[in-house]
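Architecture and fold: a report
Residue-level listing of the chains:
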Amino acid sequence: MSTRPVIHPYIRLLQWFPFKASPSADLLRAYVDSVNAQVKRSIEAFQLNSVEEDIEDPIEPSKFRTIRYHGGLDDESWDLHDVFEDYFPNLQRASAVITLFAFFERELEDLCNLIQSTEDYRLTVRDVYGSGIERAVKYLEKVCGIDTGRGSTEWAEVKAIQLIRGLLAHGGRADLDQNPKLKNAVEGSPHLSYTDELKVAPEYAVYVIGAFSRYFGVLQKSIKPMYQAKLSAHRAASKGAAPP
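Residues numbered from 1 in each chain as written. Predicted model: local features only at pLDDT ≥ 70, side-chain atom pairs only at ≥ 80, totals over all residues. Heavy atoms only, no water.

This paragraph deals with the nonpolar core. Formed by 53 residues in total, the largest nonpolar core has its most connected members in Phe104, Leu108, Ile164, Tyr215 and Leu219. If you list the elements that add at least two residues to this core, you get helix 1 (9-14), helix 2 (16-49), helix 3 (80-119), helix 4 (132-142), helix 5 (153-169), helix 6 (180-187), strand 5 (198-200) and helix 7 (202-238). Non-local contacts of Leu219, meaning those with residues more than four positions away in its chain, are made with Trp16, Leu108, Leu111, Leu140, Ile146, Asp147 and Thr148. (Core = buried A, V, L, I, M, F, W, Y, C linked by side-chain atoms within 4.5 Å. Buried < 20%, exposed > 50% of the residue type's maximum accessible area, 1.4 Å probe, protein only. Helix = DSSP H or I, 4+ residues; strand = E, 2+ residues; numbered from the N terminus. Contact = heavy atoms within 4.5 Å.)

With that settled, consider the packing of aromatic side chains. In this structure the tally under the stated criterion is 13 aromatic pairs. For the pair Trp16 and Phe17, a centre-to-centre distance of 6.2 Å together with 50 degrees between the ring planes defines the contact as tilted. Note on Phe104 and Phe212: the rings are 4.1 Å apart at their centroids and 10 degrees apart in plane angle, and the pair reads as stacked. Taken as a pair, Phe104 in helix 3 and Phe212 in helix 7 lie far apart in primary sequence, 108 residues in all. Taking relative accessible area as the criterion, Phe104 reaches 0% and is therefore assigned buried. Exposure remark for Phe212: the relative accessible area of 2% places this residue in the buried category. Put simply, the rings of Trp16, Phe17, Phe101, Phe104, Trp155, Phe212, Tyr215 and Phe216 pair up and form one aromatic cluster. (Phe/Tyr/Trp six-rings, centres within 6.5 Å; stacked < 30°, edge-to-face > 60°.)

By themselves, these figures tell us nothing about what the structure is for.
Written as structure tokens, this is what we have:
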């Protein structure tokens, strides 16, 4: 009976980006494509399948009015074009962005857990003060010794997306003039607009995935040389030779 070769934990860390983070991005792109396709189908269903009915006016029986119905709603109570061609699509795209950010947080936490188990650190990411991506990045820096690139363009992109995610999670409405950073995040993206609420274009979720992938690449630039050196030292020690 054959047994699988044992993979050294350092190799698992070196494989994190090419075999976990990058493939996850491909999976998320498929998810976003599915959401956008669903939105398109929903709009087409409204345009093609909504029905109209002539109703006798209860006040003037000789007169009729035409009511349009779709999805259990009617155009006497709702602006059906706005609901099915704008409000619902925007809600679905917003939900997708919130889901993507939740994945990003989890992926960062998983990376913290992988390094913690590899190095057998006493502290875990959950022992660090804070929450979300800030806690994970703080753990990578303070406990793991990873350069997280907080001064990078990639991290700035992530922080802007975090602001957008927060706005979407709270209904998509805020006084942008009272929050300059949020205003800059909205106005800095060609895929976002704000009138009475935040509007999310189909392309924004694709941009978000790309931004997360770029930031993971920043982390990889720090992780790779660190663990290549550790792996080389381990192999040299295993052969009874002094590390180079």
